[in-house]
Amino acid sequence: MSTSGHLKMKKIPVKPFWWDRGLFIIDQTELPEKEIVLKLDKVKKVYEAIKNLKIRGAPLIGCIAAYGVVVSFIENENLPFCKLKDKIKKDIEKLKSSRPTAYNLFYALRRMEKIIDNFGISKKKLKQNLLKEAEKIYKEDLIACYKIGEYGEKIIKDGMGILTHCNAGGLATSGFGTALAPIYVAKQKCKKIHVYVDETRPVLQGARLTCWELEKNRIPYTLICDNMAGYLMSKKEIDIVIVGADRIAKNGDTANKIGTYSLAVLANYHKIPFYIAAPISTFDFNIEDGSKIPIEERDENEVKKINGKYISPENADVFNPAFDVTPNYLITGFITEKGIIKPEEIEKLKNMGG
Ligand code: MRU
């Protein structure tokens with residue numbers, strides 16, 4: 001996979017996957033301890049990798065699902081042509097059911113479906129066009145995230161303390177990240193910054209993944225437990241909060257990793273700017289507000305166990321929503337590849353993406 005001229009000179013902070021006549025990923029459930037590469041050569045493996053968080057983060061889920069459709073083609077190549085198309089479409093439905101909240105998954109798979117319907121005139125053409133579209137989705141994400149970094153860097157002032165939640169970095173996208181992209185660009189411009197990383201219970205994407213990639217890129221950071229953010233804000237250590245998004249409704253209500261809403265309330269109380277960084281592929285223009293965003297609920301053992309060991313009574317009753325919704329009025333702005341916009345300006349972005 002080669003990147004566009006625009007990006008050739010930029011060092012990509014992290015490479016969470018690649019295509020080399022097959023789909024390869026870094027298994028994020030093993031980080032930071034081990035960097036294990038997995039080959040996803042069956043749609044079942046792609047589905048499980050997404051569902052079990054081996055790869056995660058809305059834009060990356062979209063990219064992997066798109067290549068997952070190419071995997072489906074290769075896996076079923078020997079079927080007669082029309083049966084092959086039906087099978088790929090079935091696999092697309094399966095992939096759509098892997099995670100309900102991340103809008104990029106549906107965005108990418110809809111684009112792949114269009115290729116089957118409109119540009120699949122022969123087996124050879126279908127394969128070529130599916131691969132071309134998956135590559136396009138990947139490159140568009142790469143460029144969008146870099147632009148998010150360029151726009152977002154402008155609101156990061158020298159000496160700022162920046163709080164982020166979960167992992168909205170290179171590991172959650174095609175390589176630059178969304179919330180972390182402005183931080184990477186600020187570093188390139190030699191701004192002195194310090195990142196506070198919420199550990200992000202229950203799956204610890206902050207502690208395991210954000211710290212891992214900040215360390216790799218030599219960005220100064222401090223890891224905190226989720227319940228420490230308010231104290232730090234009261235001590236004036238946090239100047240700005242930047243997080244990612246899984247799905248943004250038409251009115252700006254935003255679903256992101258569980259705990260984001262609490263941070264937005266805290267930021268509002270302490271009068272700290274609260275930004276969402278996301279590409280247009282995360283905006284769902286079909287839903288009016290956040291009440292329509294499906295919120296994934298995950299296995300109770302994610303809450304009851306740490307490293308396979310119970311931290312609660314085995315029978316404890318558990319509630320484990322993976323995301324919450326931050327209402328638009330708590331959001332200072334959206335850092336997108338088209339610039340920084342207010343919740344009320346979202347409509348302008350429609351038809352500007354991909
Ligand atoms: O459950 P995850 O790890 O997939 O959740 C990820 C997040 O909530 C991210 O903040 C979001 O997907 C944006 S990633 C650029």
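One can find the structure itself at the top, above this paragraph.
Residues numbered from 1 in each chain as written. Predicted model: local features only at pLDDT ≥ 70, side-chain atom pairs only at ≥ 80, totals over all residues. Heavy atoms only, no water.

Q: I keep staring at the site of the ligand and nothing clicks. Help me out?
A: Taken together, 17 residues are adjacent to the ligand, and Arg56, Arg99, Asp246, Asn256 and Lys257 come closest. Between the ligand and Arg56 there is a distance of 2.8 Å, counted from an oxygen atom to a side-chain nitrogen or oxygen. Within the contact set of the ligand, an oxygen atom lies 2.9 Å away from a side-chain nitrogen or oxygen of Gln205. When the free accessible area of the ligand is taken as 420 Å², the share hidden by the protein chains comes to 100%. Every element with two or more residues in the shell around the ligand is listed here: helix H3 (58–76) and strand S9 (254–257). Counting the residues that make up the shell around the ligand, at least three belong to each of domain 1 (17–146) and domain 2 (147–352). (Near = heavy atom within 4 Å. Polar contact = N/O pair within 3.5 Å; in protein donor to acceptor, adjacent residues only side chain to side chain. Areas by Shrake-Rupley, 256 points an atom, 1.4 Å probe, with all protein chains shown as cover. Helix = DSSP H or I, 4+ residues; strand = E, 2+ residues; numbered from the N terminus. Domains from an automatic or database assignment.)

Q: Hey, could you run me through the pattern of salt bridges in this one?
A: Once the charged atoms of two side chains with opposite charge are near each other, the side chains can pair. In this structure the tally under the stated criterion is 22 salt bridges. Where Lys45 meets Asp41, a salt bridge forms, and the shortest distance between an N and an O atom there is 2.8 Å. You can call Lys45 partly exposed: its relative accessible area is 37%. For Asp41, a relative accessible area of 34% puts it in the partly exposed group. Note that Lys44 and Glu48 form a salt bridge whose closest N and O atoms lie 3.7 Å from each other. Within this pair, Lys44 and its partner Glu48 are both found in helix H2 (residues 43–51), separated by 4 residues, close to a single helical turn. Beyond isolated ion pairs, a larger network of salt bridges with shared partners links Arg99, Glu296, Arg298 and Glu302. (Salt bridge = Lys/Arg side-chain N within 4 Å of Asp/Glu carboxyl O. Buried < 20%, exposed > 50% of the residue type's maximum accessible area, 1.4 Å probe, protein only.)

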